[in-house]
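Here are the chains, one letter per residue:
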Amino acid sequence: MSGVESKPVIIVGAGPTGLALAARLGMDDVPCILLEAEPDLTVDLRAGSFHPPTIEMLTELGIGETMHREAIKVPVWQVRDRIAGVVAEFDLSLLSNDTPYPYRLHLEQHRLTPILLDRIRKDLSSVEIRFDEVVTEVAQDDGGVTVKTANGETLRGAFLVGCDGARSVVRAAMKVDFAGFTWPERFLVASTTFDLGEWGFAGAGYIADPDNWAAVFIVPDDGPPGLWRIAYGTDPAIPDEQVMAPASIQERLGTIMEHAGHDAEPFPLKYASTYRVHQRVATRFTEGRILLAGDAAHLNNPLGGFGLNGSVHDAVNLGGKLVEIYLDGAPHEDLFDLYDRQRRPVNIRAVQSMSIRNKKLLEERDPDVRAAEQRRLREIAANPETARAYLLNSSMINSVREAAAVKSGAAPMDVPLSMTKPAAK
Ligand SMILES: Cc1cc2nc3c(=O)[nH]c(=O)nc-3n(C[C@H](O)[C@H](O)[C@H](O)COP(=O)(O)OP(=O)(O)OC[C@H]3O[C@@H](n4cnc5c(N)ncnc54)[C@H](O)[C@@H]3O)c2cc1C
């Protein structure tokens, strides 16, 4: 390595963001230590949908082939009305000139992380991974960062990246505000082995209805034919035990699928869980030698599948800059400032606004507004040019291009730095 920095980058959190960042650094032999609180990678029902730019990035990290082998390709997604059925179909092959991967890949997050871990352990020797290491304190000075763990260890590094998720201790230590709001309703995700494809569902779909809106998508689970996940909002006044009761889930799924050919048989359920949903963005992604990436930096509702994807985009963007610092001796201040200016405004303008808009579209109560919006989407999807323009946004290709277009020293993007919840109806 020809750069001046020899102390490692310390990464907190071995979720997809921390692992993707570690893999990016390892590919250029940048020394790094990845600290994970849990004894092993976590397994839970989370993200499962990768957009084209993310597939490109993960392929560059050397795991594209394995992902393609394990994932389900979803070339078309639908917007549906619960009662009227398909409103519009968006065919990602319209992006064939924009990306080598004109489709979504569906693969559970907890199946992506072992692939990344395997890649690091087999091929990337500059990365050291330590499980069972809960980071409790972080500090910085002119020469580097200091990290303390619950095991009583003290580690010294050149830079520290908090990839430690929604309740980030790194973000708390930076005293950065996590601006935004939390939706009152919890989301429930139920997985069924019933094949919605038989009822004409594309591999990903968004179902509009004022009370029974939902998102559905297929994931591989243990292998073909896979599982269908159905996510919907739950009444904040009803406690978890009640919404999670099998009879309650069956009733809700029955209502969501009522007009789609459902024959009143119970759905064979495999998993179900609820979670709180937030729209929040840290007011800074960087403070001196400490940075934030992934959920530690931003949270959004899952409608559109932007959270994990944007997190990988952060990791790869920041990884490239750290490589420049270590290999070329580039000063970190400008590059970290650029990381903030590339990734933060894009998250607010693209991820936050699209995910909030998607939720609003699905739950719209005014029949005239709903009809007008559905007409608009039908017209967009019917014309290949407008459909491609729409897909460039929804597939996050534009947000990656926009971030790349922000150059060092350029004026910051003009975006509001706080988000407000749409007015209650
Ligand atoms: C139910 C659900 C559904 C979702 N669906 C989608 C979807 O369809 N599409 C999409 O793109 N996104 C989705 N998301 C969002 C996606 O899961 C997250 O964006 C993604 O997990 C972010 O990864 P991360 O690595 O930043 O954070 P995490 O996955 O939360 O990983 C953080 C890691 O840091 C570790 N850690 C925390 N604190 C410490 C500490 N003090 N010391 C050491 N380690 C620590 C944790 O143990 C964890 O392993 C969903 C999220 C949820 C909750």
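For the structure given in this document, a descriptive report is provided here. (Residues numbered from 1 in each chain as written. Predicted model: local features only at pLDDT ≥ 70, side-chain atom pairs only at ≥ 80, totals over all residues. Heavy atoms only, no water.)

Here we take up the overall build of the protein chain. A tally of helices and strands in the protein chain yields 12 helices and 22 strands. Computed over its C-alpha atoms, the radius of gyration of the protein chain comes to 22 Å, within 12% of the 22 Å expected for a compact globule of 425 residues. By its C-alpha atoms, the protein chain is 65 × 45 × 40 Å across when sized along the principal axes. Looking at the protein chain as a whole, 56% of its 425 residues qualify as buried. Restricting the contact set of the protein chain to residue pairs at least 6 apart, pairs at least 24 apart contribute 75%. Surface summary for the protein chain: the accessible area is close to 17,600 Å², and the carbon and sulfur share equals 51%. Of note, the protein chain has its 44 positive side-chain charges centred 3 Å away from the centre of its 59 negative side-chain charges. (Helix = DSSP H or I, 4+ residues; strand = E, 2+ residues; numbered from the N terminus. Rg over C-alpha atoms; globule rule 2.2 N^0.38 Å. Buried < 20%, exposed > 50% of the residue type's maximum accessible area, 1.4 Å probe, protein only. Contact = heavy atoms within 4.5 Å. Areas by Shrake-Rupley, 256 points an atom, 1.4 Å probe, with all protein chains shown as cover. Lys, Arg positive; Asp, Glu negative; His and termini not counted. Charge placed at Lys NZ, Arg CZ, Asp CG, Glu CD.)

What follows covers helix α4 (residues 109-123). Taking 1.5 Å of rise per residue, 15 residues should cover 21 Å, and α4 covers 21 Å from first to last C-alpha, within 8% of that figure. Packed against the buried residues of α4 are α1 (16-27), β3 (49-50), α2 (52-60), α3 (64-70), β8 (127-130) and α8 (307-328). (Expected span 1.5 Å × (residues − 1).)

Reading across the sheet, the 6 strands line up as β8-β2-β1-β12-β21-β20 and stay open at both edges, with mixed pairing between neighbours. Sheet topology places β8 and β20 (286-287) at the edges, where each strand pairs with a single neighbour. Examined bridge by bridge, strand β1 (residues 9-12) and strand β2 (residues 32-35) share 4 bridges and lie parallel to one another. Bridged to Ile10 within β2 is Ile33. Packed onto the sheet, α8 meets β1, β12 (159-162) and β21 (290-292) and runs at close to 175° relative to β12. (Pairing = 2+ DSSP bridges. Axes fitted to C-alpha atoms, helices over the stretch in contact; angles between N-to-C directions.)

Remark: α2 packs on α8, axes separated minimally by 10 Å, with the N-to-C direction vectors making an angle of 40°. With respect to α8, the element α2 is oriented oblique. As α2 packs across α8, the resulting crossing turns out to be left-handed. Contacts between α2 and α8 involve Pro53, Thr54, Met57 and Leu58 on the former and, on the latter, Asn309, Val312, His313 and Val316. Considering only residue class, the contact of α2 with α8 consists of 5 nonpolar, 3 polar and no charged. (Parallel < 35°, antiparallel > 145°, perpendicular 65-115°, else oblique. Left-handed = near helix turned anticlockwise from the far one by under 90°. Nonpolar A, V, L, I, M, F, W, Y, C, P; charged D, E, K, R; others polar.)

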